[in-house]
Amino acid sequence: EPEVTQTPSHQVTQMGQEVILRCVPISNHLYFYWYRQILGQKVEFLVSFYNNEISEKSEIFDDQFSVERPDGSNFTLKIRSTKLEDSAMYFCASSDRRTGVNEKLFFGSGTQLSVL
Amino acid sequence: AQSVAQPEDQVNVAEGNPLTVKCTYSVSGNPYLFWYVQYPNRGLQFLLKYITGDNLVKGSYGFEAEFNKSQTSFHLKKPSALVSDSALYFCAVRDQNAGNMLTFGGGTRLMVKP
C-alpha cells in the first residue's frame with residue numbers, strides 16, 4: 001500500500017529557532033493535513049491544504065506556523081520561532097478526497113519535535 | 001463544536017476473547033465516525049468508518065464498530081482478540097457540516113495477552 005513519508009523522524013531544536021518538517025504525501029492525493037500530538041494528549045488538527053491554499057486551520061495554527069507545497073511532491077510545515085510548548089509528534093496526512101466524504105486519511109509515521 | 005471521549009486509557013484482554021474499545025462523541029449535526037490504529041513507531045492507520053447506512057460497520061483485521069445514535073457511541077469490537085492487535089486505538093469524529101477537521105479521542109491502549 002502507498003505510504004506518506006515524513007522526514008526527519010526526530011528533530012531537536014533550540015527555542016526561538018525555525019524548523020521545517022517535511023512530508024511526501026501519496027502521489028495522487030489532493031488534500032493534505034498536519035496534525036500534532038503532545039505527549040500524553042490527544043491528536044490535534046492543525047491545518048488542511050487543498051489546491052495550493054489553506055482550506056481550514058485550527059486555533060493552534062497561529063502566525064508562527066505556515067505550510068507550503070513547494071513542488072509537486074513535498075508538503076512542509078514551518079514553525080518560525082519555536083516555543084517549548086511546540087514539542088510534540090507532528091503527523092502529516094493526505095487523502096484523495098475531502099475528509100468524511102467516503103474517504104480516509106493516510107498518515108505518515110510522524111516527526112518528533114523536541115524544543116529545548 | 002465536536003468532541004470525542006474514550007473513557008478507558010487501557011483495555012486488557014486475553015487472546016481469543018472478545019474485545020470492546022469504547023468511544024462516545026458529540027457533534028451538532030450528523031457525524032462521520034472513524035477508528036484508527038497506531039502501532040509503535042508507525043503513523044495512524046485507518047480501520048473503519050461510519051458515514052451512513054447500516055449501523056454495524058466492518059473494517060480491517062476483523063474489527064467492527066456499531067454506531068448508536070441514541071447513545072452517541074461508536075464502540076470498536078472484535079469477536080476474538082489476537083496478540084498482534086495490541087496497539088493504540090483512536091476514535092475520531094467529523095461533523096458533516098463543519099469543514100474537514102477530524103477531532104480525535106485521547107486514545108485507548110489495547111493489550112492482548114497470550
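So, how was this worked out
Residues numbered from 1 in each chain as written. Chains lettered and ligands numbered in written order. Predicted model: local features only at pLDDT ≥ 70, side-chain atom pairs only at ≥ 80, totals over all residues. Heavy atoms only, no water. Core = buried A, V, L, I, M, F, W, Y, C linked by side-chain atoms within 4.5 Å. Buried < 20%, exposed > 50% of the residue type's maximum accessible area, 1.4 Å probe, protein only. Helix = DSSP H or I, 4+ residues; strand = E, 2+ residues; numbered from the N terminus. Contact = heavy atoms within 4.5 Å. Polar contact = N/O pair within 3.5 Å; in protein donor to acceptor, adjacent residues only side chain to side chain. Buried area = accessible area lost by both parts, 1.4 Å probe. Salt bridge = Lys/Arg side-chain N within 4 Å of Asp/Glu carboxyl O. Nonpolar A, V, L, I, M, F, W, Y, C, P; charged D, E, K, R; others polar.

**Here we look at the nonpolar core**
In this structure, B:Trp35, B:Leu47, B:Leu48, B:Phe74, B:Leu76 and B:Tyr89 are the most contacted members of the largest nonpolar core, which totals 28 residues. Mapped by element, the contributors of at least two residues to this core are β2 (10-14), β3 (19-21), β5 (31-38), β6 (44-50), β8 (64-68), β9 (73-78), β10 (87-95) and β12 (108-113) of chain B. Excluding its chain neighbours within four sequence positions, the residues that come into contact with B:Phe74 are B:Cys23, B:Leu33, B:Phe34, B:Trp35, B:Leu48, B:Lys49, B:Tyr50, B:Val57, B:Ala65, B:Glu66 and B:Phe67. A:Val19, A:Ile26, A:Phe61 and A:Cys92 belong to the second-largest nonpolar core, a separate cluster that totals 22 residues.

**A closer look at the side chain of B:His75**
Residue and element names in this part refer to chain B. One can find His75 in strand β9. Polar side-chain contacts of His75 include one of 3.0 Å to the backbone nitrogen of Cys23. Excluding residues that lie within four positions of it along the chain, His75 makes contacts with Thr20, Val21, Lys22, Cys23, Thr24, Trp35, Glu64, Ala65 and Glu66.

**Some remarks on the interface of chain B and chain A**
In this assembly, 22 residues from chain B lie in contact with 22 residues from chain A. Of all residues in chain B, the largest losses of buried area upon contact with chain A belong to B:Leu44, B:Asn100 and B:Phe104, amounting jointly to 32% of the total for that side. The tally of links between chain B and chain A comes to one salt bridge. A salt bridge links B:Arg42 to A:Glu3; its shortest N-O distance comes to 3.8 Å. Between chain B and chain A we count four residue pairs in polar contact (both at pLDDT 80 or more) in total. Secondary structure elements with two or more residues in the side of chain B that touches chain A: β5, β6 and β10 of chain B. The greatest single-element share of the side of chain B that touches chain A, amounting to four residues, is contributed by β5(B). Its residues assigned to classes, the side of chain B that touches chain A comprises twelve nonpolar, seven polar and three charged.

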